[in-house]
Amino acid sequence: MYKKQQCVAMLLAGGQGSRLYTLTEKTAKPAVPFGGKYRIIDFPLSNCINSGINTVGVLTQYQPLVLNEYIGNGQPWDLDRAWNGVMVLPPYQGKNGADWYKGTANAIFQNLDFIRRYDPEYVLVLSGDHIYKMDYSAMLSDHIRRKADCTIAVLNVSLSEASRFGIMNTDEDMRILEFEEKPEKPKSTNASMGIYVFNRDQLEKYLIEDESDPSSSNDFGKNIIPKMLAGGLKMYAYPFNGYWKDVGTIESLWEANMDLLGHRPKFNLYDENWRIFSRNTPHPPHRIGNSASVSNSLITEGCDIEGIVENSVLFSGVRVEKGAYIRDSIIMSDVVIKKSGTINYSIIDEKCVIGEKCVIGRTKTADSGITVIGAGIVLDDGVDISAGEMLGSKWNSNR
Amino acid sequence: MLAAGIVFSNIHDSNLPELTKNRTVASVPFGCRYRFIDFALSNFVNSNIFNIMVITHYNYQSLMDHIGSGKDWDLARRSGGIKILPPFITAHANHTNELYSSRLEALKSVSYVLKRLKEDYVVMTDCDVICNIDFEDVINKHIRSGADMTTVVKSVELNERITEADTVYIANEKGRVKDLYVNPSNMHGKADVGLNISVINRRFLEMIVTDSIAHGYASMERDVILKNLEKYKFNIYRYSGRSARIRSFEDYFTHSMQLINDHEFRNSLFSEKNRPIYTKVRNSVPTKYMIGSAATNSLIADGCVVEGTVENSILFRGVKVSRNATVRNCILMQETYVGENSYINCVVSDKNATIRDGRLLSGAPELPYYISKDQTV
């Protein structure tokens, strides 16, 4: 039995996130850890439940193990429902062959049957790559009020950045007149956030048409949106004013984590009216030892701190031994930093062991790079890893 | 399923009058993010016991709120899982229909549920002993010994505080109980003291409950065990791990501080392999330390904001320590707010307490200053 829904969300979570290099070697980008106890996908999923949307299809493709396991039955987000809830939708083998998801539009096309089960009027298409808090129900109301066929959330970016995005040129009423993908000379600064509300009938029609076009790359930005505009559909831009960050690069991931710190953080997780939910593993409280000093940092349950931590984000179960010094860094779950190690301007992925007196990274300067240590790497005592180096799974300390 | 579990949630309420004003002993907060019952429930789950009944008496709203559907302990099950048993009183209640005051009376009042159990063994526990124990080992030894009932004891040096509140078991070399003393004020030296945890054969339990109803018995120790030492086989199981029994408010404070300073005790509770302690998931954010914060030798849960100084203290989830505030030797429960320029020492604040800016409060380790729930000082 399926319960009819007004709106079904489709969350595109198949992205590789290749510019995160070693951090996405074993996990899809939406499963990359963020902010001490979250993963990127917690943000769109929490936004959904906080917006009253409780039917979500999650489209996975690249390295789905961690992501599938993480989503599970959707219980942490209250999406373990009897007649709807969250559903992981991987590519599958059909009667006429098996296809990977060729593009974002093709991924939705292959799962039209999932959408039809709930007979929704509207379909919300999201991506699992961004850190933001957004009330999708306000966007949906806007869409309904304007009797639109498609509404696209846009962010006002600076003119210099605009050529990195898909830009919506609109009239005064925010009706979209023209769409330009990464224009050299942008005419406006309304950048698409990759969040779309479609009327379900129109979406189905265009997806089916697009599928029969062999020259199409089956992508929303490249194909579907231009075709809808050409077809004269009523398309509106929905301006969003809050914090929104694409954490697709090492630098932006580092920055977004640092945006959580301080008295007036750029991105506030401590919001009782818009809580972010995540899957919690049982950990005891964190312990701050006698020789510890912690300043301007986030510390999560299960940590055991005897060293000095400044301007950093520590995930659960991190152990920092006496004399170790951590600054401007992100230390993911279950990392051990042994005595007298120094970590500067670095990202250390899960389950690494950093030996005694190791020196990782250098003091942050305007042109120094972020040092990255991939998951599970064990560094012997006294190893020195210079600024901007990146150790992936193939690295070994006996080189 | 081999065994079912029964938790007595109220038995020792009177030991902690401050903390049980609005709650059961089972739901008293402990160790930054737990409640007493979390240790009992986690011990059950970690020992593969998934059919658990919690016997309540009064004040059990906070307990029900904490347990919810039981999913945070993996106890939301179609068959078995966790059940809260409210007091059984008929609509024709009169003065003879009183609530229970001992374990045996509590069992009598839920005998209708006992009759429906299918498991061969029942593990019964109170909530005032904090430990991380493997019940499977207790059950296995119980089965092998052929006993009707096995009580978990710990060998300790007796002192006045123990003999005032505990039961001492005298057993032969095979572990069979030969005698027992309830609150023996004149005993000294090393002895086996009961931890209020026992394994009992289900049919035997049913039988003694039925028998006790007929005889009007009230005490498991005095009326059942002592009177039948020869007739039935009562055994002890010596627990060698660490445990803490909370008999008083002072105990509560001492054992909380022990969590900070006694690494072995803390690790025996929280770092047992494959035996984590579960609790209600609150989705708190990580704890945020501001510039100028100074925390040392403390245990701190998620969701706190620390701007001031924290030393030798236990901070529950969502505590805020403001600028220039000093918190020393304190236990601050969920959502406590400590105002700017305040100084507090040996204070136990209950949920949602507020300490105004500039306040100076101090108790002593033997008599901590207690701020009750929702109170503003």
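Residues numbered from 1 in each chain as written. Chains lettered and ligands numbered in written order. Predicted model: local features only at pLDDT ≥ 70, side-chain atom pairs only at ≥ 80, totals over all residues. Heavy atoms only, no water.

With respect to the overall build of chain B
When you go through chain B residue by residue, the secondary structure sums to 10 helices and 28 strands. Radius of gyration (C-alpha) of chain B: 22 Å, near the 21 Å computed for a compact globule of 377 residues. The principal-axis extents of the C-alpha atoms in chain B amount to approximately 65 × 50 × 45 Å. Residues classed as buried in chain B amount to 59% of the 377 residues present. Partitioning the contacts of chain B with sequence separation of at least 6, the portion at a separation of at least 24 is 58%. As displayed, chain B offers around 15500 Å² of accessible surface, 46% of which is attributable to carbon and sulfur atoms. (Helix = DSSP H or I, 4+ residues; strand = E, 2+ residues; numbered from the N terminus. Rg over C-alpha atoms; globule rule 2.2 N^0.38 Å. Buried < 20%, exposed > 50% of the residue type's maximum accessible area, 1.4 Å probe, protein only. Contact = heavy atoms within 4.5 Å. Areas by Shrake-Rupley, 256 points an atom, 1.4 Å probe, with all protein chains shown as cover.)

Description of the nonpolar core
All names here are of chain B. The biggest cluster of nonpolar side chains holds 62 residues, and the ones touching the most others in it are F36, I37, I52 and Y252. Counting only domains with at least three residues in this core, you end up with domain 1 (3-270) and domain 2 (288-371). The contacts of I37, once residues within four sequence positions are left out, are V7, A26, V54, L63, H66, I67 and C127. (Core = buried A, V, L, I, M, F, W, Y, C linked by side-chain atoms within 4.5 Å. Domains from an automatic or database assignment.)

Thoughts on unusual backbone geometry
Positive phi, normally seen in glycine, also occurs at K351(A), with a value near 60°. Counting through the fold element by element, K351(A) comes out in the loop between β27 (346-348) and β28 (353-354). For K351(A), a relative accessible area of 51% translates into the label exposed. Notably, N283(B) is not glycine yet its phi reads approximately 55°, a positive angle. Looking at the secondary structure, you find N283(B) in the loop between α10 (263-270) and β14 (287-289).

Concerning the domain arrangement of chain B
All names here are of chain B. Domains assigned within chain B are domain 1 (3-270) and domain 2 (288-371). Between domain 1 and domain 2, the C-alpha centre-to-centre distance is 33 Å. Taken together, the two surfaces of domain 1 and domain 2 that pack against each other cover about 1800 Å², and 71% of this comes from carbon and sulfur. It is C32, F253 and I260 in domain 1 that bury the most area against domain 2; as a group they hold 37% of the surface buried on that side. Here D350 ties to R23 by a salt bridge, and the two come within 2.8 Å at their closest N and O atoms. (Buried area = accessible area lost by both parts, 1.4 Å probe. Salt bridge = Lys/Arg side-chain N within 4 Å of Asp/Glu carboxyl O.)

So, the sheet that holds strand β21 (residues 326-328) of chain B
Residues and elements named next belong to chain B. Strand order in the open sheet made by the 5 strands is β15-β18-β21-β24-β27, with parallel pairing throughout. Edge positions in the sheet fall to β15 (294-296) and β27 (360-362), since each of these pairs with one other strand and no more. With direction set aside, neighbouring strand axes in the sheet form an average angle of 5°. In this structure, strand β18 (residues 309-311) lies alongside β21, joined through 3 bridges in parallel fashion. Paired with T309 across the two strands is T326, which belongs to β21. (Pairing = 2+ DSSP bridges. Axes fitted to C-alpha atoms, helices over the stretch in contact; angles between N-to-C directions.)

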